[in-house]
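For reference, the chains in residue letters:
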Amino acid sequence: MTRLSLHAIHHRFVFFGLVLLLAACSAATPRTPDTYYDFSLALPPLAFGTTDSIALQRVDIRGVQSGRALVVVAGETPRRFQELRGHYWHVAAPTLIERAFIDAMRDASSDARFASADMAKDAPYRITLSVTEFAFQPGETASIRFDAVVTHKKQGTILSESYWGSAPVGAGASASAGVTALSEAASIAFGLMAKELAAAL
């Protein structure tokens, strides 16, 4: 066997050895599975002074916050947002907020009946929510900002206000802590909205 062929065989062994080593390393570090989160609100009991149906017409969210990924505040001036890789809401954010809002208002209300627009097509009252912020800053705070417009089919607009809620993110700056803080912040903001809606009805 010539010196050239021995040299070629040696290079082949080295190459296959590197391939096997890389394969072993890949197998030893499996990809962390994605995590999916639910979202809920906690509102105090409240009487709205009517037994009419109140329908949530829609929830508008634009940009990166409208998707399924959890969103964190990445910086200020200008305010910047980033998706948190591997951490997602189990449905898109507008649907998530819609379901949480309706469930919470149903549980809180002792008289008015809350539903989605599809389930209460003849409801005399309609609510539109426009969310401008739904994010948290790891280790800092979680916040939600939204505009709420409530209309009556005969009386027109009866409520048009902006709301904001914030809550501290727990120690550890984990995604779960951020989700918990977002729930607390949203409960504050929607709780204030519910009180003002009850006063307006």
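The following refers to the structure shown. Position numbers for residues count from 1 along each chain, tracking the sequence in the order it is written. Local features in this predicted model are restricted to residues of pLDDT 70 or higher, and side-chain atom pairs are both shown and tallied only at a pLDDT of 80 or more, whereas totals for entire chains, interfaces and linings draw on every residue. Excluding hydrogens and water, the side-chain values take into account all heavy atoms of the structure.

**Concerning the pattern of salt bridges**
Salt bridge criterion: a side-chain nitrogen from Lys or Arg within 4 Å of a carboxyl oxygen from Asp or Glu. Under the defined criterion, the tally for this structure stands at three salt bridges. Note that R58 is salt-bridged to D60, the shortest N-O span being 3.0 Å. Note that R79 and E76 form a salt bridge whose closest N and O atoms lie 2.3 Å from each other. The class for R79 is partly exposed, based on a relative accessible area of 35%. To sort residues, take the accessible area from a 1.4 Å probe on protein chains only and compare it with the maximum for the residue type: under 20% means buried, over 50% means exposed, and anything in between is partly exposed. Looking at E76, the relative accessible area reads 41%, which means it is partly exposed. Ionic contacts of the salt-bridge type, sharing partners, join the residues E76, R79 and E133 into one network.

**Overview of the packing of aromatic side chains**
When two rings of Phe, Tyr or Trp (its six-membered ring) have centres within 6.5 Å they constitute a pair, described as stacked for plane angles under 30 degrees, edge-to-face for angles over 60, and tilted for the intermediate range. Tallied over the full model, the rule gives eight aromatic pairs. On the basis of an interplanar angle of 65 degrees and a centroid distance of 5.1 Å, the ring pair of F48 and F114 is categorised as edge-to-face. Of the two residues, F48 sits in the loop between β1 (35-37) and β2 (53-61) while F114 sits in strand β5 (residues 113-116), which places them 66 residues apart along the sequence. Note on F146 and F190: the rings are 4.3 Å apart at their centroids and 15 degrees apart in plane angle, and the pair reads as stacked. Of this pair, F146 sits in strand β7 (residues 141-152) while F190 sits in helix α3 (residues 175-200), and the two are 44 residues apart along the sequence. Only DSSP runs of H or I with at least four residues qualify as helices, and only runs of E with at least two residues qualify as strands; both kinds are numbered from the N terminus onward.

**Notes on empty space enclosed by the protein**
Only protein atoms enter the 1 Å grid used here. Points where a 1.4 Å probe fits but cannot escape make up a cavity, open sets with protein on both sides within 12 Å along at least five of seven lines make up a pocket, and a residue lines them when an atom lies within 4 Å of a point. Grid points are joined across faces, edges and corners, and a volume is the space filled by probe spheres set on the points. In the structure shown here, the tally under the stated rule is one cavity of 30 Å³ or more. Roughly 40 Å³ of volume is contained in the largest cavity. Every residue along the wall of the largest cavity is listed here: L43, P44, L46, A108, G191, A194 and K195. No other element matches the three residues that α3 contributes to the lining of the largest cavity. Here the residues of the lining of the largest cavity are counted per class, giving five nonpolar, one polar and one charged. Each residue gets one of three labels, nonpolar for Ala, Val, Leu, Ile, Met, Phe, Trp, Tyr, Cys and Pro, charged for Asp, Glu, Lys and Arg, and polar for the others, Gly among them.

**Focus on the environment of S162**
Mapped onto the secondary structure, S162 falls in strand β8 (residues 156-168). Along the chain, S162 and A148 lie 14 residues apart, while their C-alpha atoms are 6.3 Å from each other. Throughout, a contact is declared for two residues whenever any of their heavy atoms are within 4.5 Å. Ignoring anything within four residues of it in the chain, the contact list for S162 reads F146 and D147. Definition of a polar contact: a pair of N or O atoms within 3.5 Å, with one able to donate and the other able to accept a hydrogen when the atoms are protein atoms, and with sequence-neighbouring residues admitted only if both atoms are side-chain atoms. Of the polar contacts made by the side chain of S162, one reaches the side chain of D147; its length is 2.5 Å.

Geometric values such as these leave the question of function open.
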